[in-house]
Amino acid sequence: MTIRDATPSDADDIYRLLGWFVTSCRPDRAVFDDVTFPRIVEAAAEGRAEFLVAEQDSRMVGYVLALRMPTLFAGGTILELLELAVDAPLRGRGTGSALIRAVQARALEAKDVEVTVPTRRAADFYRGLGFHETAAYLKWSTS
Ligand SMILES: CC(C)(COP(=O)(O)OP(=O)(O)OC[C@H]1O[C@@H](n2cnc3c(N)ncnc32)[C@H](O)[C@@H]1OP(=O)(O)O)[C@@H](O)C(=O)NCCC(=O)NCCS
């Protein structure tokens, strides 16, 4: 398996995998193409995000997105995992773990203070990778 940075030509594959990730939001292809995907690719190129994909036999099988945020309280940047998805038929083969380990390696390289993740569905998955529970995650929706 290969883990590499996402590129603009990965749009179709990542949009397909996004369908496995979303639950409460419905992705809009036009917004993805015109706004969100190019912004994320740009943020990653500027070091403000980690946007990685996993490939197996030249086929994309997973992706991960984490945003790097400057903080005052931590005395440096924190890297927040926001999206992680693996093709449903190919789960349980270590792809998700490989993507998170790659993000953890990037966090060490960038000297981020910590890596965080809000999750409801996969807390045990993250515990298995060294994460521990620290706070409740609340949201206020604008729509
Ligand atoms: C979560 C997800 C990325 C895991 O990918 P994966 O490639 O199946 O993960 P791995 O094969 O590396 O699994 C590693 C371990 O975590 C466990 N695990 C996988 N998904 C899990 C989950 N959702 N909850 C708890 N444990 C999980 C596996 O059983 C495995 O355990 P083992 O080491 O004892 O065998 C994948 O299930 C997925 O895309 N889910 C839908 C989207 C999602 O929930 N994303 C995360 C939200 S933040």
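Up top is the structure these notes are about.
Residues numbered from 1 in each chain as written. Predicted model: local features only at pLDDT ≥ 70, side-chain atom pairs only at ≥ 80, totals over all residues. Heavy atoms only, no water.

Q: I'd like a rundown of the site of the ligand, residues and numbers included.
A: Taken together, the neighbourhood of the ligand is formed by 18 residues, with Val86, Gly92, Gly94, Gly96 and Ser97 sitting nearest. One of the backbone N or O atoms of Gly96 is found 2.9 Å from an oxygen atom in the ligand. The backbone of Arg121 places a nitrogen or oxygen atom 3.2 Å from a nitrogen atom of the ligand. If you list the elements that add at least two residues to the shell around the ligand, you get helix H1 (11-21), strand S4 (77-86), helix H3 (95-110) and helix H4 (123-127). (Near = heavy atom within 4 Å. Polar contact = N/O pair within 3.5 Å; in protein donor to acceptor, adjacent residues only side chain to side chain. Helix = DSSP H or I, 4+ residues; strand = E, 2+ residues; numbered from the N terminus.)

Q: Explain a positive patch on the surface residue by residue, including any values.
A: The grouping of Arg91, Arg120, Arg121 and Lys139 at the surface amounts to a positive patch. Look at Arg121 and you get exposed, because its relative accessible area is 53%. (Patch = residues over 30% accessible without salt bridge, like charges linked within 9 Å, V, L, I, M, F, W, Y side chains within 5 Å. Areas by Shrake-Rupley, 256 points an atom, 1.4 Å probe, with all protein chains shown as cover. Salt bridge = Lys/Arg side-chain N within 4 Å of Asp/Glu carboxyl O. Lys, Arg positive; Asp, Glu negative; His and termini not counted. Charge placed at Lys NZ, Arg CZ, Asp CG, Glu CD. Buried < 20%, exposed > 50% of the residue type's maximum accessible area, 1.4 Å probe, protein only.)

Q: Report on the nonpolar core, specifying residues and quantitative values.
A: Among the nonpolar cores identified, the biggest contains 18 residues, and Val64, Leu81, Ile100, Val103, Val115 and Phe131 are the most heavily contacted of them. The leading source of residues in this core is H3, at 5 residues. Those residues within four positions of Ile100 in sequence are excluded, and the remaining contacts are Val64, Leu81, Leu84, Phe125, Tyr126, Leu129 and Phe131. In terms of nonpolar packing, the next biggest core, distinct from the first, is built from 17 residues, Leu18, Phe32, Ala49 and Leu65 among them. (Core = buried A, V, L, I, M, F, W, Y, C linked by side-chain atoms within 4.5 Å. Contact = heavy atoms within 4.5 Å.)

Q: For the sheet that holds strand S5 (residues 114-116), give the residues involved together with the corresponding values.
A: The strand order S1-S2-S3-S4-S5 describes an open sheet built from 5 strands, whose pairing is mixed. In this open sheet, the two edge strands, each paired with only one partner strand, are strand S1 (2-5) and S5. The mean inter-strand angle of the sheet, taken between neighbouring strand axes irrespective of direction, is 25°. Bridging between S4 and S5 involves 3 bridges; their strand directions are parallel. When the bridges of S5 are listed, Ile78 appears paired with Glu114. Packing against the sheet, helix H2 (residues 29-45) makes contact with strand S2 (49-56) and strand S3 (59-70), and its axis sits at approximately 105° to S2. (Pairing = 2+ DSSP bridges. Axes fitted to C-alpha atoms, helices over the stretch in contact; angles between N-to-C directions.)

Honestly, it's all geometry; don't read function into it.
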